[in-house]
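Structural features, examined
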Amino acid sequence: MIDDHADAPPATTFDTVPRSVVALVDATSPTERELIGGWLAEGGIAAEFGVEAPVTQLDLDAAAVAARLVDRRDDPLVVPVRVVWLPPERDGVRRTTFADLATLADPRRPHRLLQRRLVAKTPDRHLVLTGQPARLSELRANNAAVAGSAEPFARAVVRAGIVALERAERGVIGDRYKVPRLVAEEILDTPEFLRRLDAIALHTGSTSREVYRRAEKALKELVAAQSRLVSDLFTQAMRPVHASTWKVDCEPSGLAGLRRLNRSHPLVFLPSHRSYVDAFVLGDALARNDFPPNHVIGGANLRFWPIGPIARRTGTVFIRRSFGDDEVYKAVVEEYFAYLLTKRFNLEWYFEGGRTRTGKLRPPRYGLLNYLAAAIRSRRVEDVMLVPVSITYERLNELGAIATEQSGGAKKPEGLTWLARYVRSQQHSAGHVYLRFGEPLSARERLAAHGDPLVPDPGFGAPENEEARGQERKAVQRLAFEIAVGINAVTPITVNALVTLALLGVHERALTLGEVRRVLEPVRGYIQRRGLPSGELDTLSADHALAVVLEQLSLARVVTVYRGGLEPVYSIEAGAHLEAAFYRNSAVHWFVNRAILELAILAAVEAPEGEQLRAGWDTAFRLRDLLKFEFFFPERAEFAAQMTAEMELVDEDWHDRTADGTVGTDILAELTESGFVMAHRVLRSFLDAQLVVADRLAARDGTESPDRKRFIDECLAVGRQMLLQQRLHSPESVSSELFTTALKLADNYGLLDAATDPAAAADLRNRRRAFADELRLIGARIARAAALDPSNRLEMP
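Residues numbered from 1 in each chain as written. Predicted model: local features only at pLDDT ≥ 70, side-chain atom pairs only at ≥ 80, totals over all residues. Heavy atoms only, no water.

So, the packing of helix α24 (residues 592–606) against helix α26 (residues 636–650)
Rules: Fitting a line to C-alpha atoms yields each axis, with helices limited to the stretch in contact; the angle taken between N-to-C directions then spans 0 to 180 degrees. Numbered from the N terminus, helices here are DSSP runs of H or I no shorter than four residues, and strands are runs of E no shorter than two. In these notes the angle categories are as follows: under 35 degrees is roughly parallel, over 145 is roughly antiparallel, 65 to 115 is roughly perpendicular, and the rest is oblique. A contact between two residues is defined here by any heavy atoms of the two lying within 4.5 Å.
Where α24 meets α26, the axes come as close as 10 Å, and the angle between the chain directions of the two elements is 75°. Overall, the two elements α24 and α26 adopt an arrangement that is roughly perpendicular. Residues N593, R594, I596, L597 and I601 of α24 form the contact with α26, whose own contacting residues are F639, Q642, M643, E646, M647 and V650.

Let's talk about the nonpolar core
The cut-off we apply is this: What is meant by a nonpolar core is a set of buried Ala, Val, Leu, Ile, Met, Phe, Trp, Tyr and Cys residues, joined one to another through side-chain atoms within 4.5 Å. Exposure is judged per residue with a 1.4 Å probe applied to protein chains only, and the accessible area is read against the type maximum: over 50% gives exposed, under 20% gives buried, and values in between give partly exposed.
Core analysis: the largest hydrophobic core is formed by 124 residues, its most contacted members being F269, L498, F591, I596 and L683. Other than its neighbours up to four places away in sequence, L498 contacts I493, L520, V523, R524, I527, L537, L540 and F591. Membership of the second largest hydrophobic core comes to 59 residues, among which are L270, Y371, A375 and L441.

Topic: the environment of F633
Structurally, the position occupied by F633 is in the loop between α25 (612–626) and α26. Every residue in contact with F633, bar those within four places of it in the chain, is listed here: F481, V592, N593, I596, R624, L627, K628 and F639.

Overview of the sheet that holds strand β16 (residues 511–512)
Applied cut-off: At least two DSSP bridges between two strands are needed for those strands to be called paired.
Taken in spatial order, the three strands of this open sheet run β16-β18-β17, and their pairing is antiparallel. Only two strands of the sheet have a single partner each, and these edge strands are β16 and β17 (559–562). Where helix α22 (residues 543–555) meets the sheet, it contacts β17 and β18 (569–572), and its direction lies at approximately 110° from that of β17.

Considerations on helix α20 (residues 495–504)
Of all 10 residues in α20, 10 are buried; the element is thus mostly enclosed. Of all the residues in α20, the buried ones are V495, N496, A497, L498, V499, T500, L501, A502, L503 and L504.

Here we look at the packing of helix α31 (residues 708–724) against helix α32 (residues 736–748)
Going by this rule: Two helices cross in a left-handed way if the nearer one is turned anticlockwise from the farther one by less than a right angle. They cross in a right-handed way if the turn is clockwise. Put simply, Ala, Val, Leu, Ile, Met, Phe, Trp, Tyr, Cys and Pro go in the nonpolar bin, Asp, Glu, Lys and Arg in the charged bin, and everything else, Gly too, in the polar bin.
As a packed pair, α31 and α32 sit with axes 10 Å apart at the nearest point and diverge in direction by 125°. Classified by the angle between their axes, α31 and α32 sit oblique to one another. Seen from above, α31 lies across α32 with right-handed handedness. Only S736, F739, T740, L743 and D747 of α32 make contact with α31, whose side of the interface consists of R708, F711, I712, C715 and L716. Across the contact of α31 with α32, the residue classes tally to six nonpolar, two polar and two charged.

With respect to helix α1 (residues 30–41)
The criterion, for reference: A helix is expected to span 1.5 Å for every residue after the first.
Relative to the 16 Å expected for 12 residues at 1.5 Å per residue, α1 spans 16 Å between its end C-alpha atoms, a close match to the ideal helical length. Buried-residue contacts for α1 involve β1 (21–26), α2 (44–49), β2 (55–59), β3 (77–85), α4 (112–121) and β6 (126–130). Two residues or fewer after α1 comes G43, characterised by a positive phi angle close to 85°.

Structural notes on the pairing of β3
Successive residues of a regular strand alternate their side chains across the two faces of the sheet. With nine of nine residues buried, β3 is to be regarded as a mostly interior element. Here β3 shows two buried faces, one formed by L77, V79, V81, V83 and W85 and the other by V78, P80, R82 and V84. As judged from the six bridges shared by β1 and β3, these two strands associate in the parallel manner. Its bridge partner being in β3, A23 is matched across the sheet by V79. Inspection of the sheet shows β3 paired to strand β7 (residues 134–135) by two bridges, in the antiparallel sense. Looking at the pairing, L77 lines up with R135 of β7. Judged from the five bridges that link them, β3 and β6 form a sheet pairing that is antiparallel. Residue pairing for β6: W85 is matched across the bridge by H126.

Take a look at the structure:
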């Protein structure tokens, strides 16, 4: 009861032997009272703590504690006591199952009649448990802010007793059952939070009572009322949704390190988001390794009955999508985050803000990271360890709906019908799902490294320090960037990612099995030389295993097979390019630098003699800037080092060959001899989408700012036309997701806002046209790179 968030309480020692003991009895039935009374009468306190002293029993209830404990002038030892009921043991594990519900009771909370039966017939199903005790003087010292008021102090003692019992119970039933109790009550009793609410009331002209009621309502809306019974049953009920579909490949060594780290720090798991089942896959893996359940921050779209009420009881926190200027709700969210982290409850959220539609990481959202940073700045939380998590599927059964949304189709609202259809779609085997954990990041350390002053917020209504706020925003953005890089660094290259990478790189051609293998062989060699993480890529060296992969993609309607000729030939299914690109894009970040290098070499060869090396570097840096909203590039110096390493993989002697600033055409032969070219496979869809956006902007008057939603719809329509005219290479370029990011880039270049002055409008038109012309030139270079690719020759070597 001394430290309500330490995982390992210290051994009980006493400077002076207590002369009296108060047992705070947490009992819900006469049977539990009898068991505790008998245990006390038999000397349970003396046996447990070595204290021979009179024992007074009090209910673990604020009224009883206020009436009979808080005003005592002696210094009794206060010991919380309860009875713990256990499920039957099955294969060495005590866990609630649906079979236990035949008793119409929760085995961990049996009804009164069942309790008597269990005591008589299965005495191993219960035990009397004590929480870490504390002297009354220690409780007063630990709660000095409320020790002078009977009722608030009594509530604090009750909370400390419950937390101590919960911690002791976890020592019996396992850490995965760590759940918070009395959260809203404790937050609403926090003096600092009450002062913040008073400041909001004063600044907004509301009464303190009105603001308090709004905060109380918001807390009840937010707080996840976790239940061990629901957690056990929900995990078992939802496991078939993913367990029968994917074989989970998880690295136990990574989990062991995280478990050690979790003894001293709260963890925040930040996974990539590719499927609705991400949380089930991660949650199941953590539960199997005895982690406490994460508090999962979820969107309101999944709050429908019955998923919403059940999810709240398994730790899901539903936060409003937008709460604008609602300062009360904002204060409640910040306080709840700080509370959970202070008590070392682990969190989980999907920092991309939603499922990826393209298969690669989306740009991060900063809102929840801002709340976490605020908790650290306020010093309510010393530090938090951020865990990048990669969840990568070999195949996804929900890709059809994702592709439809990218093509401009409306997203179907979630509900019971949607859920039934979704569960039904998951009944087909889809290979492996790879669960990988990146290097944990210290939030405090990384924020400080990125320039966050880490000073507390001056409080609501106080003058803003704009310079400090700017530094804080920039630090959070850089931290989010690091998390994304951490996820990408452990994301493996799957067999389907590599096969779709090969097939998407050949234009309107089908390949034989041998041709597919020959395309893959040099890429696999490149992966091995760089030591990149991968799935079961070794299987692709055998024709029969490669054929199985292609057949599975055929069953998923991503690849089509023609068998009417001399041998089967494989190509991307008509209309399935977006689905194929989704698989490819899960690993595309590993090949971006190689693709940029190829285009830089082509630009260098085109440049005048003596300026070639500079032209190559200028092109590389320009492509890095054009793609900065699609990929996570490092700072300029580190990017240059990475490009140098890529060049050395192509030609170890390139420094000597380019010492005079000249790049010879022999380097193109080196690229061809490598057996693969990546520019058209990796970058073409993103740059083609940018070209569509640039083309539509260039067609506008400089005095006009586009309406973004209508503009994206226009890009989808014109993009389809350009595809039919073969001005675009592939349907994967016609994507609302890619157009949205391209529009963000154009905005960054100042190409969206209208100009009222005629000269400024003319300049805007010229800059828009120059942007489009630049992208056409890059498109021509990509076409040239595609022509160099051996796989695009009719007779492959």
